[in-house]
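Residue-level structural notes
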Amino acid sequence: MATFLYKLGRFAFRRRHFVALMWVALLTLAGVGAASAPVAGASSFSIPGTEAQKAFDLLENRFPGMSADGATARVVFKAPAGEKVGDHDNRATVEKAVKVLGTGSEVTSVDNPFKAHAVSKDGSIAYASVKYKVSGMELEDASKDALNAAAQDARDAGLTVEVGGDALQATPETGSTEVIGIAMAAVVLVITFGSLIAAGLPLLTALIGVGIGVSTITALASALDLGSTTSTLAMMIGLAVGIDYALFIVSRYRAELAEGREREEAAGRAVGTAGSAVVFAGLTVVIALVGLSVVNIPMLTKMGVAAAGTVAIAVLIALTMIPALLGYAGRRVQPAGKKSRLLGGGRAAKKEGKPNMGTRWASFVVRRPLAVLLLGVIGLGAAAIPATSLELGLPDDGSQPTSTTQRRAYDLLSEGFGPGFNGPLMVVVDAKASDAPKAAFTKVTDEIKGLKGVVSVSPAVPNKSGDTAMITVVPDSKPSSVKTEDLVHAIRGAGGEIKADTDATVLVTGSTAMNIDFSQKLNDALIPYLALVVGLAFLLLIVVFRSILVPLKAALGFLLSVMAALGAVVAVFQWGWLAGVLGVEETGPIMSMMPIFMVGVVFGLAMDYEVFLVTRMREAYVHGEKPGQAIVTGFRHGARVVTAAAVIMMAVFSGFIGSSESMIKMIGFGLAIAVFFDAFVVRMAIVPAVLALLGKRAWWLPKWLDRALPNVDVEGEGLRALDEKRRDGDEDRELARV
């Protein structure tokens, strides 16, 4: 592989006009496609194989035209202190608002709270349910404006009015911190390279790669049903790996220049050596992201595949466009150890022979491996302790900031009707196989009324053919509580006995039941997913490092870092530590997809640093150095760059903590802290300590396996053989002249 990539790098350097034009053309094509594509609606949320999804599909089939996936709004009215919403003036205001809401072209129905018995017992709070034909993301601005205007008119008349539901769903904003993250990455690059030109190359190529990836996702969003979170995730990961991959190749290019090589030769060698590590690091990330498809949740699969495509683009750009841009930069990119005139006058950055920080740290770890290992493991273990109290769930309006109307509507409904009113359960009774459907509906209603934790049960509402009915159940606990989950399981348990007696099937759905089934499915898939992703990456790393123990150590180190990162997420988003500093207004259960998502993404990113750092150690060991010295050599060449890459990745991920969407905020924090733990504790401390303790055994591989594995030549042995051929050719020509 090294030889092929070496030739690719030299080709891109020589044919830089062609390569640059090709990528610019792809960016333009993707941009035009994104601009001309139809606006995508909200990504459909489905969980194949779950009871909640089966019930939802049954409703679509048996109650045609009810727009089960249409947007809803709950307009909540509260009378001034000492008054009731049923008082003459207040009632007139509410009924006027209901009348105005019903005139919208996208509205299918509006319930009058006084006719629908939607008034609290004390008479102070009432709500009107508004249903729409289309989803919240597809609602026209005119419909949203009409909803807000009706609410404002009622406020002007003296009532407190808030709007809940997904009708006012807004596109999440990342905030200015995303730009700050990129700016921090730029500063780190300038410090690392001592050159504005060299620092600008990784940023430029990363932005081009992300531009192509996100534009392509936008162009295909409507056709493939991709949500806004998909492009945000692709941008987050694409920026981080794009900058890092380019950083490693530019750094190796400058190191080759420092050894006296010509610029084209240096570009070829940089791509042939560091580029090999980029390919395998990218493969581990792609495996981890595409592996999310084993969970069998379409939304998660699409997110993973889209992000994996952006990572693949980042790899290709690093291998081709970076050497092309290096050709354009020419002498403005200085050899390693030199700074540009603007940042240092072109003089050497260090005195020759003085060991750098990476060398000094590696030498210390090699001398004290056991102490470093114990300190690292104990520290990560302590950080992981909060993960033992992990509670999973999905965010609802109750997790929104208190400044939003959705959150205030949620609180008003809890105040007037109880906490369970915000998450009613929809029980669907399929009595098509029953001889007495009406009796079955009555039996189900009576059984549910007798269950613990039920506040109210609505009368069964049958469809036109009378073979299916809907029953609304209001729990006495909030949607994300364990008591509500127990009630769902209790209703489903009672459904088995009802089916035996009446031949009617009882199914529980609704947003609360969907969230419960979603969490359960993710929990069930975590171990198979972990086994698949870690197993495939383990085999890949065996091929790269020609070792059994090095990949095993990499996998165990990853488990440490991901558990510590989950502990930090629990401490902040569930316990509330530093919540104010990070802008977390409401603590609560951790998103159900967070553990499995972090396992996938963090594993891929963790293997990046493993490949980049240990490859240099392997290269030194293969070329004859002793195991301890090889560790020091790997750190001398790679520690500074790996440190810069980790800081850049942390800066990029931290930029998304400012997002208005809780999921993006949590993912940004989780990935940033995971990179910190993995890069600075696992890869910089635990990895060299373990390698020092293992010595030569770290690079042991059974001979039969060594013969069976393909030789991918990550260490660049093919390039060394190429040098020898050139030298032999030069000597032959010299002898011929004599």
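The sections below set out a description of the structure shown in this document.

Basis of the calculations
- The numbering scheme is per chain: residues are counted from 1 as the chain's sequence reads.
- Totals for whole chains, interfaces and linings use all residues, but because this is a predicted model, local features are given only for residues with pLDDT of at least 70 and pairs of side-chain atoms are given and counted only at 80 or more.
- For the side-chain quantities, the full set of heavy atoms in the structure was used; hydrogens and water were omitted.
- As a rule, the C-alpha atoms of each element are fitted with a line to give its axis, helices using only the stretch in contact, and angles between N-to-C directions run from 0 to 180 degrees.
- Secondary structure follows DSSP: runs of H or I at least 4 residues long count as helices, runs of E at least 2 residues long count as strands, and numbering of each begins at the N terminus.
- The labels follow the angle: roughly parallel below 35 degrees, roughly antiparallel above 145, roughly perpendicular from 65 to 115, and oblique for the rest.
- Less than a right angle of anticlockwise turn of the near helix away from the far helix marks a crossing as left-handed, whereas a clockwise turn marks it as right-handed.
- Note on contacts: a residue pair is in contact if any heavy atoms of the two residues lie within 4.5 Å.
- Basically, the charged four are Asp, Glu, Lys and Arg, the nonpolar ten are Ala, Val, Leu, Ile, Met, Phe, Trp, Tyr, Cys and Pro, and anything else, Gly included, counts as polar.
- Any two of the Phe, Tyr and Trp rings considered here, Trp counted by its six-membered ring, make a pair once their centres fall within 6.5 Å; the pair's planes then place it as stacked at under 30 degrees, edge-to-face at over 60, or tilted in between.
- Only Lys NZ and Arg CZ are tested; either one counts as a charge over a ring when it is within 6 Å of the ring centre and within 35 degrees of the ring normal.
- Think of a polar contact as two N or O atoms within 3.5 Å of one another; within protein, one of them needs to be a possible hydrogen donor and the other a possible acceptor, and neighboring residues in sequence only count if both atoms come from side chains.
- Think of it this way: DSSP has to see at least two bridges between two strands before they count as a pair.
- Only buried Ala, Val, Leu, Ile, Met, Phe, Trp, Tyr and Cys residues count toward a nonpolar core, and they belong to the same one when joined by side-chain atoms within 4.5 Å.
- Burial classes: relative accessible area under 20% of the type maximum marks a residue as buried, over 50% as exposed, and values in between as partly exposed (1.4 Å probe, protein chains only).
- Between Lys or Arg on one side and Asp or Glu on the other, a salt bridge is scored when a side-chain nitrogen of the former is within 4 Å of a carboxyl oxygen of the latter.
- To count toward a patch, a residue needs a relative accessible area over 30% and no salt bridge; like charges are then connected within 9 Å, while nonpolar side chains (Val, Leu, Ile, Met, Phe, Trp, Tyr) are connected within 5 Å.
- Note on areas: these come from Shrake-Rupley sampling with a 1.4 Å probe, and a residue is covered only by the protein chains present in the view.

Looking now at the packing of helix H2 (residues 16–36) against helix H10 (residues 298–329). The interhelical angle for the contact between H2 and H10, taken along N-to-C directions, is 135°, at an axis separation of 9 Å. Taken as axis vectors, H2 and H10 run oblique relative to one another. In terms of crossing hand, the pair formed by H2 and H10 is left-handed. Residues Arg 16, His 17, Val 19, Ala 20 and Trp 23 of H2 lie in contact with H10, whose contacting residues are Ile 313, Leu 316, Ile 317, Thr 320, Met 321, Ala 324, Gly 327 and Tyr 328. Classifying every residue of the contact of H2 with H10 gives nine nonpolar, three polar and one charged.

Right, let's talk about the packing of aromatic side chains for a bit. The tally for this structure, following the rule as stated, stands at nine aromatic pairs. These aromatic residues form a ring-pair network of at least three members: Tyr 127, Phe 417 and Phe 421. Stacked on the ring of Tyr 328, the Lys or Arg Arg 16 has its end atom at 5.9 Å from the ring centre. The side chain of Arg 74 reaches across the aromatic face of Tyr 127, ending 5.3 Å from its centre.

Locating Pro 437 in the fold gives a position in helix H15 (residues 437–449). A sequence separation of 65 residues divides Pro 437 from Thr 502, and the C-alpha atoms of the two residues are 8.3 Å apart. Ignoring anything within four residues of it in the chain, the contact list for Pro 437 reads Ala 431 and Gly 466.

Our focus in this paragraph is the side chain of Glu 610. Mapping Glu 610 onto the fold places it in helix H19 (residues 594–622). Among the polar contacts listed, one links the side chain of Glu 610 to the side chain of Lys 553, at a separation of 2.4 Å. A polar contact is formed between the side chain of Glu 610 and the side chain of Arg 683, at a distance of 2.6 Å. Apart from residues lying up to four places away in sequence, Glu 610 is in contact with Phe 545, Val 550, Lys 553, Ala 554, Thr 615, Arg 683 and Val 687.

Right, let's talk about the sheet that holds strand E3 (residues 125–132) for a bit. Across a sheet, paired strands are connected by hydrogen bonds in the backbone, their directions being either parallel or antiparallel. With antiparallel pairing, four strands are arranged side by side in an open sheet as E2-E3-E1-E4. Unpaired on one side and paired on the other, strand E2 (107–110) and strand E4 (160–165) mark the two borders of the sheet. If you compare each strand with its neighbour and ignore which way they point, the axes differ by 20° on average. In the sheet, E2 pairs with E3 via three bridges, with the strands oriented antiparallel. Across the sheet, the residue bridging to Val 107 is Tyr 132, located in E3. Relative to E4, helix H14 (residues 405–417) is tilted by about 105°, and along the sheet it contacts strand E1 (72–78), E3 and E4.

This next bit is on the side chain of Thr 310. Relative to the helices and strands, Thr 310 resides in helix H10. A distance of 3.1 Å separates the side chain of Thr 310 from the backbone oxygen of Ala 306, its partner in a polar contact. Not counting the four nearest positions on each side in its chain, Thr 310 is found in contact with Gly 209, Gly 213, Ile 217, Ala 234 and Gly 238.

If you look at the biggest cluster of nonpolar residues, it comprises 188 residues, and the most contacted ones within it are Tyr 245, Ile 249, Tyr 253, Val 427, Met 598 and Phe 653. The biggest single contributor to this core is helix H21 (residues 662–694), with 20 residues. Those residues in contact with Tyr 253 that sit more than four places away from it in its chain are Phe 13, Arg 263, Ala 266, Ala 267, Ala 270, Leu 326 and Val 333. Among the nonpolar cores identified, the runner-up in size contains 26 residues, and Val 94, Ala 150, Ala 151 and Ala 167 belong to it.

On to the pattern of salt bridges. Enumeration according to the criterion identifies 22 salt bridges in this entry. Across the pair Glu 264 and Arg 10 runs a salt bridge, and its minimum N-O distance is 3.0 Å. Placement of Glu 264 in helix H9 (residues 263–290) and of Arg 10 in helix H1 (residues 2–14) is noted, with a sequence separation of 254 residues between them. On the basis of relative accessibility, which here comes to 21%, the residue Arg 10 falls in the partly exposed class.

Right, let's get into a nonpolar patch on the surface. On the surface, a nonpolar cluster with roughly 470 Å² of combined accessible area is contributed by Phe 11, Phe 18, Met 22, Leu 26 and Leu 29. A per-element tally of the nonpolar patch places H2 first, with four residues. Among the structural elements, Leu 26 can be located in helix H2.

Of note in this structure, Asp 503 is not a glycine but carries a positive phi near 65°. We note that Arg 546 has phi near 50°; this positive angle belongs to a residue other than glycine. Relative accessible area serves as the criterion here: at 12%, Arg 546 is assigned to the buried category.

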